[in-house]
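Residue strings, one per chain:
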Amino acid sequence: MGRNMPMITINWCCRSQLLQERFGDKLRLDRRVETAKRFIDENYGRKITVSQLASISHLSPRQLNELFREQVGLTPHHYLTELRMQSSWQLLEQGELSIQSIADAVGYSSLSAFSDRFSQHFGHSPSYFRRFSK
(Lines give C-alpha, C1' and ligand atoms only; values in the text may rest on other atoms or scores of the structure.)
Protein backbone atom coordinates (compact mmCIF):
# COMPACT_ATOMS: atom_id res chain seq x y z
CA MET A 1 0.00 0.00 0.00
CA GLY A 2 2.65 2.52 0.98
CA ARG A 3 4.46 1.91 -2.32
CA ASN A 4 1.96 4.13 -4.17
CA MET A 5 3.08 7.28 -2.39
CA PRO A 6 6.60 7.61 -3.91
CA MET A 7 5.14 7.00 -7.37
CA ILE A 8 2.88 10.04 -6.95
CA THR A 9 5.91 12.16 -6.08
CA ILE A 10 7.75 10.81 -9.11
CA ASN A 11 4.78 11.70 -11.35
CA TRP A 12 4.84 15.29 -10.08
CA CYS A 13 8.61 15.45 -10.55
CA CYS A 14 8.26 14.11 -14.09
CA ARG A 15 5.59 16.70 -14.93
CA SER A 16 7.78 19.45 -13.52
CA GLN A 17 10.77 18.12 -15.43
CA LEU A 18 8.78 17.94 -18.67
CA LEU A 19 7.64 21.54 -18.27
CA GLN A 20 11.21 22.57 -17.55
CA GLU A 21 12.49 20.72 -20.65
CA ARG A 22 9.75 22.27 -22.77
CA PHE A 23 10.17 25.83 -21.52
CA GLY A 24 13.70 25.96 -20.11
CA ASP A 25 14.78 26.83 -16.60
CA LYS A 26 12.52 29.84 -16.44
CA LEU A 27 9.22 30.06 -18.24
CA ARG A 28 9.10 33.03 -20.55
CA LEU A 29 5.61 34.31 -19.99
CA ASP A 30 3.61 37.10 -21.51
CA ARG A 31 3.28 39.79 -18.83
CA ARG A 32 -0.50 39.25 -18.70
CA VAL A 33 -0.08 35.52 -18.13
CA GLU A 34 2.66 36.24 -15.57
CA THR A 35 0.23 38.57 -13.75
CA ALA A 36 -2.42 35.84 -13.57
CA LYS A 37 0.11 33.16 -12.56
CA ARG A 38 1.59 35.36 -9.83
CA PHE A 39 -1.89 36.13 -8.50
CA ILE A 40 -2.67 32.40 -8.32
CA ASP A 41 0.69 31.66 -6.66
CA GLU A 42 0.12 34.32 -4.01
CA ASN A 43 -3.61 33.72 -3.40
CA TYR A 44 -4.30 30.02 -4.00
CA GLY A 45 -5.75 29.75 -0.50
CA ARG A 46 -8.60 32.08 -1.46
CA LYS A 47 -11.45 31.73 -3.93
CA ILE A 48 -10.16 32.63 -7.39
CA THR A 49 -12.26 32.79 -10.55
CA VAL A 50 -11.16 32.89 -14.18
CA SER A 51 -13.16 36.11 -14.56
CA GLN A 52 -11.16 37.66 -11.72
CA LEU A 53 -7.87 36.52 -13.29
CA ALA A 54 -8.94 37.78 -16.71
CA SER A 55 -9.81 41.16 -15.25
CA ILE A 56 -6.44 41.67 -13.55
CA SER A 57 -4.69 40.40 -16.70
CA HIS A 58 -6.64 42.71 -19.02
CA LEU A 59 -7.79 39.77 -21.15
CA SER A 60 -11.08 38.02 -21.77
CA PRO A 61 -11.51 34.71 -19.94
CA ARG A 62 -11.17 32.85 -23.25
CA GLN A 63 -7.98 34.73 -24.22
CA LEU A 64 -6.49 34.11 -20.78
CA ASN A 65 -7.28 30.39 -20.92
CA GLU A 66 -5.70 30.07 -24.37
CA LEU A 67 -2.56 32.09 -23.59
CA PHE A 68 -2.09 30.49 -20.18
CA ARG A 69 -2.42 26.98 -21.65
CA GLU A 70 0.03 27.80 -24.46
CA GLN A 71 2.65 29.24 -22.13
CA VAL A 72 2.26 27.28 -18.88
CA GLY A 73 0.92 24.01 -20.24
CA LEU A 74 -2.24 24.07 -18.12
CA THR A 75 -5.34 26.25 -17.97
CA PRO A 76 -5.46 28.70 -15.04
CA HIS A 77 -8.01 26.45 -13.32
CA HIS A 78 -5.86 23.34 -13.72
CA TYR A 79 -2.76 25.26 -12.59
CA LEU A 80 -4.65 26.43 -9.48
CA THR A 81 -5.82 22.89 -8.74
CA GLU A 82 -2.31 21.50 -9.21
CA LEU A 83 -0.86 24.14 -6.88
CA ARG A 84 -3.52 23.44 -4.25
CA MET A 85 -2.97 19.69 -4.44
CA GLN A 86 0.83 19.94 -4.19
CA SER A 87 0.55 22.35 -1.26
CA SER A 88 -1.92 20.09 0.52
CA TRP A 89 0.42 17.12 -0.05
CA GLN A 90 3.26 19.04 1.64
CA LEU A 91 1.05 20.08 4.55
CA LEU A 92 -0.13 16.50 5.04
CA GLU A 93 3.47 15.29 5.06
CA GLN A 94 4.33 17.81 7.78
CA GLY A 95 1.52 16.35 9.89
CA GLU A 96 0.98 19.47 11.99
CA LEU A 97 -2.49 20.52 10.76
CA SER A 98 -5.81 18.72 10.73
CA ILE A 99 -7.16 17.75 7.32
CA GLN A 100 -9.89 20.38 7.72
CA SER A 101 -7.25 23.04 8.42
CA ILE A 102 -5.32 21.95 5.33
CA ALA A 103 -8.47 22.12 3.21
CA ASP A 104 -9.06 25.67 4.48
CA ALA A 105 -5.42 26.67 3.92
CA VAL A 106 -5.45 25.61 0.27
CA GLY A 107 -8.74 27.26 -0.62
CA TYR A 108 -11.44 24.65 -0.02
CA SER A 109 -14.34 25.70 2.19
CA SER A 110 -15.73 22.15 2.18
CA LEU A 111 -13.80 19.20 3.59
CA SER A 112 -15.72 16.78 1.37
CA ALA A 113 -14.91 18.80 -1.78
CA PHE A 114 -11.24 18.84 -0.77
CA SER A 115 -11.19 15.11 0.00
CA ASP A 116 -12.91 14.29 -3.30
CA ARG A 117 -10.46 16.40 -5.31
CA PHE A 118 -7.44 15.02 -3.43
CA SER A 119 -8.63 11.45 -4.03
CA GLN A 120 -9.20 12.12 -7.74
CA HIS A 121 -5.80 13.75 -8.04
CA PHE A 122 -3.64 11.30 -6.09
CA GLY A 123 -5.74 8.13 -6.06
CA HIS A 124 -6.12 8.06 -2.26
CA SER A 125 -7.89 10.14 0.36
CA PRO A 126 -6.02 12.65 2.51
CA SER A 127 -6.60 10.47 5.59
CA TYR A 128 -5.15 7.43 3.77
CA PHE A 129 -2.10 9.46 2.80
CA ARG A 130 -1.70 10.77 6.34
CA ARG A 131 -1.84 7.22 7.80
CA PHE A 132 0.81 5.86 5.44
CA SER A 133 3.14 8.85 5.37
CA LYS A 134 4.02 8.64 9.06
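See above for the structure.
Criteria and thresholds
Residues numbered from 1 in each chain as written. Predicted model: local features only at pLDDT ≥ 70, side-chain atom pairs only at ≥ 80, totals over all residues. Heavy atoms only, no water. Phe/Tyr/Trp six-rings, centres within 6.5 Å; stacked < 30°, edge-to-face > 60°. Helix = DSSP H or I, 4+ residues; strand = E, 2+ residues; numbered from the N terminus. Buried < 20%, exposed > 50% of the residue type's maximum accessible area, 1.4 Å probe, protein only. Contact = heavy atoms within 4.5 Å. Core = buried A, V, L, I, M, F, W, Y, C linked by side-chain atoms within 4.5 Å. Salt bridge = Lys/Arg side-chain N within 4 Å of Asp/Glu carboxyl O.

Peer 1: Can you lay out the packing of aromatic side chains for me, pointing to particular residues and giving the numbers?
Peer 2: Applying the stated criterion across every chain, the model contains 7 aromatic pairs. For the pair Trp89 and Phe129, a centre-to-centre distance of 4.3 Å together with 40° between the ring planes defines the contact as tilted. Of this pair, Trp89 sits in helix α5 (residues 76-94) while Phe129 sits in helix α8 (residues 126-132), and the two are 40 residues apart along the sequence. On the numbers, 5.8 Å between centres and 50° between planes, the contact of Phe114 with Phe118 is tilted. Within this pair, Phe114 and its partner Phe118 are both found in helix α7 (residues 111-122), separated by 4 residues, close to a single helical turn. With respect to burial, Phe114 and Phe118 carry one shared label: buried. Site record: aromatic cluster; members linked through ring pairs are Trp89, Tyr108, Phe114, Phe118, Phe122 and Phe129.

Peer 1: Describe the environment of Val50, naming the residues involved and giving the relevant values.
Peer 2: On the secondary structure map, Val50 appears in helix α3 (residues 50-57). Between the alpha carbons of Val50 and Pro61 there is a distance of 6.1 Å; along the sequence they are 11 residues apart. Leaving out residues up to four positions away in the same chain, Val50 has contacts with Pro61, Leu64 and Asn65.

Peer 1: Report on the nonpolar core, specifying residues and quantitative values.
Peer 2: The biggest cluster of nonpolar side chains holds 16 residues, and the ones touching the most others in it are Val33, Ile40, Leu53, Leu64, Phe68, Val72 and Tyr79. When residues of this core are traced back to their parent elements, those giving at least two are α2 (31-43), α3, α4 (61-72) and α5. Every residue in contact with Phe68, bar those within four places of it in the chain, is listed here: Val33, Ala36, Lys37, Ile40, Gly73, Leu74, Thr75, Pro76 and Tyr79. Trp89, Phe118, Phe122 and Phe129 belong to the second largest nonpolar core, which has 13 residues in total.

Peer 1: So what's going on with the pattern of salt bridges? Residues and values would help.
Peer 2: By the definition in use, this model includes 4 salt bridges. Between Asp30 and Arg32 there is a salt bridge, with the nearest N and O atoms lying 2.9 Å from each other. Glu66 serves as the salt-bridge partner of Arg62, at 3.2 Å between the closest nitrogen and oxygen. With a gap of 4 residues between them, Arg62 and Glu66 both fall in helix α4, about one helical turn apart. When its relative accessible area of 60% is taken as the criterion, Arg62 is described as exposed.

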